[in-house]
Amino acid sequence: MNLPRRLRMQQGQERASVSPLELFFDLVFVFALTRVTDFMADDPTGENLLRGVLVLAVLWWSWVGYSWLWNLIRADEGVSRVVAFASMGAVFVVALTIPEAFVDLPDGLSGPVVFALAYFVVRALHLVMFLVISTDDPQLRRQVLRFVPSMAIGTTCLLVASQLTGTAQTAMWFAALAGDYLGTMIGGAEWRLRSVSHFAERHGLIVIIALGESITSIGIGVAALPISWAIIVATLLGLAVAGLMWWAYFDVTSLAVEHAFESAAGTRLIKIAQHCYTFAHLPMVVGVVMMSLGLKKVLSYVTDGNHHRLTDPLYGWPLVALLAGGAVYLLALVYFKAYPTGSITYPRVLAAAVLLVLIPALWHTPALATLAALTAVLAAMIGYETWRYADPRSRIRHGAHER
């Protein structure tokens, strides 16, 4: 396609870094993740948590498609920059309508319809850009065309869901996501990747964004209150949980996967990109957001000025979200590493099992003690891994490029 020079797109480079515009694009997702956490925290029932996870999955597909697109072309050059800002606007509208994604509020426009239409715009812009850049690449064009039905199914099901309620509405949301996931899984592996380092960095940054949202959940609830020992202990434990989760991803795991990623080629390269990044990072983000909900509820026990509440237990769905969210995050990390390397990190499987067992065991335990137990499990896991795998860790971190 012949475009004026100022609108022409530029190919991404093999060792490209994430551009400032991509980071700016991610700011919208910071807001969106905050909205999801608030949506679930306002009414932490099982139904609302399920709805929150469904919204996260939709947001994920809004984000992940552009990680593939901007690996091939620069986000900040030519017409791609215009598309980036347009898609940011659509995602921002999606985020604004999260509280109304399932149930329309009185007055104003129909929230579920606006949500579905804004999501359609995000996906359509992404698809049009891929059709444009695949003009001279028949293999990529075939892959994009095979992807069209899954995108159409997903957006159509959300539009249908906007006209339904209850179980039928939830079923259409599942159908929308199933269309995306199954379509991606069976649609072939003839996609293109130009920069492994860019792709890995892009997904690492989204993990940091999710962890940043958990820290925000901790800080916002106590920022305007007089400091107390309970607040200090709770916030430091919450920060420790976020730090340990960061360690679990970035210390060795992400590096080991990226090394295997760099060594792959052809179909294997695309399969690693799909399984380890497109698929495995969604449960990581879901796990972190669920833990953020639990942290938000724990902080509410120590910041309301009623000191007797420090002995009240965290129970019900907030407790499930806190501990099961941690387990989901760890199991996603296990799969993330196991798929490209064939190595299963068993301490993480054990730690995830312990967290799940602790849900009924801590049902009548004070909220602050529950948070301390979560911190202790994660710290023990990280401590053991650092000691047990000291030599492999050193090779991955310092010797991978010296062999």
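Residues numbered from 1 in each chain as written. Predicted model: local features only at pLDDT ≥ 70, side-chain atom pairs only at ≥ 80, totals over all residues. Heavy atoms only, no water.

Caption draft 1: Region of interest: the pattern of salt bridges. In the structure shown here, the tally under the stated rule is 12 salt bridges. Arginine 74 serves as the salt-bridge partner of aspartate 76, at 3.1 Å between the closest nitrogen and oxygen. Taking the shortest distance from any N to any O, the salt bridge between arginine 146 and glutamate 190 comes out at 2.7 Å. Placement of arginine 146 in helix 5 (residues 138-161) and of glutamate 190 in the loop between helix 6 (166-186) and helix 7 (196-220) is noted, with a sequence separation of 44 residues between them. Its relative accessible area of 37% is what places arginine 146 among the partly exposed residues. Linked through salt bridges whose partners overlap, the residues forming this network are Glu22, Asp26 and Arg202. (Salt bridge = Lys/Arg side-chain N within 4 Å of Asp/Glu carboxyl O. Helix = DSSP H or I, 4+ residues; strand = E, 2+ residues; numbered from the N terminus. Buried < 20%, exposed > 50% of the residue type's maximum accessible area, 1.4 Å probe, protein only.)

Caption draft 2: Unusual backbone geometry, seen in detail. For aspartate 107, which is not a glycine, the phi torsion comes out positive at approximately 65°. Secondary-structure assignment places aspartate 107 in the loop between helix 3 (79-96) and helix 4 (111-133).

Caption draft 3: Representation of the packing of helix 4 against helix 5 in the model. Orientation of helix 4 relative to helix 5, taken along the N-to-C sense of each, is 175°, at an axis distance of 10 Å. Classified by the angle between their axes, helix 4 and helix 5 sit roughly antiparallel to one another. Note on element contacts: helix 5 touches helix 4 through Leu140, Arg141, Val144, Leu145, Phe147, Val148, Met151, Thr155, Leu158 and Leu159, opposite Phe115, Ala116, Leu117, Tyr119, Phe120, Arg123, His126, Leu127, Phe130 and Leu131. Of the residues that constitute the contact of helix 4 with helix 5, the class distribution is 16 nonpolar, two polar and two charged. (Axes fitted to C-alpha atoms, helices over the stretch in contact; angles between N-to-C directions. Parallel < 35°, antiparallel > 145°, perpendicular 65-115°, else oblique. Contact = heavy atoms within 4.5 Å. Nonpolar A, V, L, I, M, F, W, Y, C, P; charged D, E, K, R; others polar.)

Caption draft 4: Quick look at helix 11 (residues 281-302). Taking 1.5 Å as the rise per residue, helix 11 with 22 residues should run 32 Å; its terminal C-alpha atoms sit 32 Å apart, in good agreement. Burial analysis of helix 11 places 18 of its 22 residues in the buried class, which makes it a mostly covered element. (Expected span 1.5 Å × (residues − 1).)

Caption draft 5: Quick look at the confidence of the model for the protein. The pLDDT averaged across the protein works out to 89; a share of 94% of its residues lies at or above 70. By mean pLDDT, helix 15 (residues 390-399) is the weakest element of the protein at 86, and helix 13 (residues 346-361) is the strongest at 97. (pLDDT = per-residue confidence, 0-100.)

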